[in-house]
Amino acid sequence: MPKTFFITTAIYYTNSSPHVGHAYEMVLADVIARYHRLKGEPVFFLTGVDQHGQKVQQSAAKAGVPPAEFVKEVTQKWLDLSKKLEVKNDEWAETTSDRHKKVVQKILQRLFEERQIYKDKQSGYYSVRQEQFLTDKERGPDGQFGPEWGEIEFREEENYYFKLSQYKDWLLQYLNNRKDAVIPDFRQTELRNAVERIGGDLCISRPKSRLDWGIELPFDKDFVTYVWFDALTNYISFAGYDPSKSNIEHQTSSFLDKWPALQIIGKDILVPAHGIYWLIMLHAIGFPDDQMPQLLVHGWWNIAGAKMSKSVGNIVDPFELADKYGADTLRYYLMSDIVTGQDADFSEERLVERYNADLANSLGNLLNRTLTMVGRYQHGRVAFPEGAWLRNPDERATETYANNIDTHIKAYKGHMSAESTFPIPFTLPFTLGPFVANAAIGNVLGIADEANRLVEKTAPWKLAKGSDKESEARLNTVLYALAETLRIIAILLLPVTPVAAHGIFDQLNWKMELSGKEERFSLADAEWGRLPDGHVVGKPVPLFPRIEANT
Ligand code: MSP
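Definitions and cut-offs
- Residues numbered from 1 in each chain as written.
- Predicted model: local features only at pLDDT ≥ 70, side-chain atom pairs only at ≥ 80, totals over all residues.
- Heavy atoms only, no water.
- Helix = DSSP H or I, 4+ residues; strand = E, 2+ residues; numbered from the N terminus.
- Contact = heavy atoms within 4.5 Å.
- Pairing = 2+ DSSP bridges.
- Axes fitted to C-alpha atoms, helices over the stretch in contact; angles between N-to-C directions.
- Buried < 20%, exposed > 50% of the residue type's maximum accessible area, 1.4 Å probe, protein only.
- Right-handed = clockwise from strand over helix to strand, strands pointing away.
- Bend = angle between axes of the 7 residues up to and from the residue.
- Near = heavy atom within 4 Å.
- Polar contact = N/O pair within 3.5 Å; in protein donor to acceptor, adjacent residues only side chain to side chain.
- Areas by Shrake-Rupley, 256 points an atom, 1.4 Å probe, with all protein chains shown as cover.
- Nonpolar A, V, L, I, M, F, W, Y, C, P; charged D, E, K, R; others polar.

Novice: Any chance you could explain the environment of P2 here in plain terms?
Specialist: By secondary structure assignment, the location of P2 is in the segment before β1 (5–13). Note: C-alpha distance between P2 and E158 (156 residues apart in sequence) is 49 Å. Residues in contact with P2, not counting those within four places in the same chain, are P42 and D257.

Put into structure tokens, the structure is as follows:
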């Protein structure tokens, strides 16, 4: 059995409802997870919610309900979102669960006993509004703290600290040795520069008098742990990590089978959270370098250049979009109109444009006319291409065609995975790393374009009029090639538009028995020539009706 492919998203704050930026991250992880399932690998896809902390406590207070109740309600919205968007996760993380709390407390206890956590007094300027100590970095050019910090007072507070700074050299060395610790490359450079600047240790607690919506420190009941040990540890606690075993080799086989994970995060939580705190935490609890997770850092969906945020009021609601256009269409847009790692501007007009151009015109048309022609000219039955026509040196159209499709399939695989990056025929102002779903989608469209060109070039409606053997052979070849192309397109589209992929398979009448596998879809079947001779296709049903403006 191959090793399980483990993929995670960040966990989402339950202080407010999800927006389309969060939906993007979930879908990106889902697409990669589905791609690996398509390859026949066992997959463990973990996503979930970050339920503790100040923001949640404050939002609950504002709503006038106890935090536990508030969190339950908001959590449901995230669960609803994953369902709505066809996100197929294998495990769901909730940081208020007992299972998680136990792991967090045991890890903290161990680090405390090993003296990697210590108590210290902090004194300095404190923002009451933002509930945090301020440093000189927060001062404006005039040397004063700006109005955004509200009332400032001098405070002295005892807290617990994790000895972060003693691991700075280790982290630098780890990043020097592993070039793909962070994807894309420029994010690894950014992280490395930030590691150089690590100064002090990490405050990991809050006195309960200030924050009580958190996990109690096992060695001091007057404190809860604050953010980092609470949230980041979800990636191992929900994968079956046993905190009583400091030697990783003694972990359960189910944990070892999954770990390390590919972790999908946004650019705002690489430094310091995941790139510094998380990697160092793992190292401190005994994870060797070859067991460090890989971080895939994506950009933001912006609105007119500004990040979506509740306070700015430029939130785009993914539920509304999915209701209006369908989950597949939203997934397709979110995957095709952004380069993984870069930012993009969200635009509903672009969503409609892309849908109409790519799915309705290019692919929908191809499906419709192929099935119509097979129905009309061949009573729905495709026949194996006849060799004679393919061997004719002047008529190698479908041979070249099959080769072109093969090239697209190879490129698609390269773009969807970490193993290879496929050279791209144009120059971009940045390096295109692995996991670029938009480029993979480009290859699927490239295949549909090839097929549409083949139709134009060979005009099957003219061939159908000819009564000679030659025309018949040509017609068979072209229609077989088109049906075969649609079968391959359906497989390649499955990770991105799962509903439509099943729709294409249904219309092609492609049954599970025909693939000879347990799963209906398999990447191994995305190979030219698997459609059997005499296969009977179904009737065309519009799968991607055009979206008219102002609907
Ligand atoms: N709870 C913390 C993460 C802890 S992980 C152990 C958190 N939550 S969040 O809800 O604010 O963000 C979750 C993820 O959503 C992050 O990876 C973040 O980058 C991503 N996004 C938030 N807004 C986004 C966009 N506008 N566009 C794309 N992704 C965005 O941070």
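Structure shown, so let's carry the discussion forward.
Novice: I keep staring at the sheet that holds strand β11 (residues 220–225) and nothing clicks. Help me out?
Specialist: The sheet built from 3 strands is open, its strands ordered β9-β11-β10 with antiparallel pairing. Edge positions in the sheet fall to β9 (205–207) and β10 (215–217), since each of these pairs with one other strand and no more. Strand-to-strand twist of the sheet, defined as the mean angle between neighbouring strand axes without regard to direction, takes the value 50 degrees. Relative to β11, β9 is paired through 3 bridges, and the arrangement is antiparallel.

Novice: Please explain the sheet that holds strand β2 (residues 43–50) as it appears in this structure.
Specialist: Sheet strands associate in pairs through backbone hydrogen bonding, adopting either a parallel or an antiparallel arrangement. In space, the 6 strands of this open sheet follow the order β3-β2-β1-β12-β13-β7, with parallel pairing throughout. Every other strand in the sheet has two partners, leaving β3 (91–94) and β7 (182–183) as the edge strands with one partner each. Examined bridge by bridge, β1 and strand β12 (residues 262–266) share 2 bridges and lie parallel to one another. Bridging from a neighbouring strand, T8 pairs with Q263 of β12.

Novice: Could you clarify how one ought to interpret the pairing of strand β13 (residues 294–298) in this entry?
Specialist: Note on strand geometry: in a regular strand, side chains alternate between the two faces of the sheet. Summarising burial for β13: 5 of the 5 residues are buried, a large majority. Burial of the side chains of β13 extends over both faces: Q294, L296 and H298 are buried on one face and L295 and V297 on the other. For β7 and β13, the ladder comprises 2 bridges, and the chain directions are parallel. Note that in β13 the partner of V182 across the bridge is L295. With 5 bridges joining them, β12 and β13 adopt parallel strand pairing. Across the sheet, L262 pairs through a bridge with Q294, a residue of β13. Assessed by its sense of winding, the connection that carries the chain from β12 through helix α10 (residues 270–284) to β13 is right-handed.

Novice: How should helix α13 (residues 348–378) be read in this particular structure?
Specialist: Given 3.6 residues per turn, any residue in an α-helix points the same way as the ones three and four places further on. The largest bend in α13 is about 35 degrees, located at G364. A positive phi of about 50 degrees marks H379, the residue just after α13.

Novice: Teacher, can you tell me more about the site of the ligand here?
Specialist: Around the ligand, the surrounding shell holds 23 residues, and the nearest of these are I11, E25, D50, G266 and D268. In the environment of the ligand, a nitrogen atom lies 2.8 Å from a nitrogen or oxygen atom belonging to the backbone of I11. One of the backbone N or O atoms of Y13 is found 3.1 Å from an oxygen atom in the ligand. When the ligand is considered free in solution it has 660 Å² of accessible area, and contact with the protein chains removes 93% of it. Secondary structure elements with two or more residues in the shell around the ligand: β1, α1 (20–38), α8 (234–237) and β12. When residues in the shell around the ligand are grouped by element, the largest group, 4 residues, is from β1. Per-class residue counts for the shell around the ligand are 11 nonpolar, 8 polar and 4 charged.

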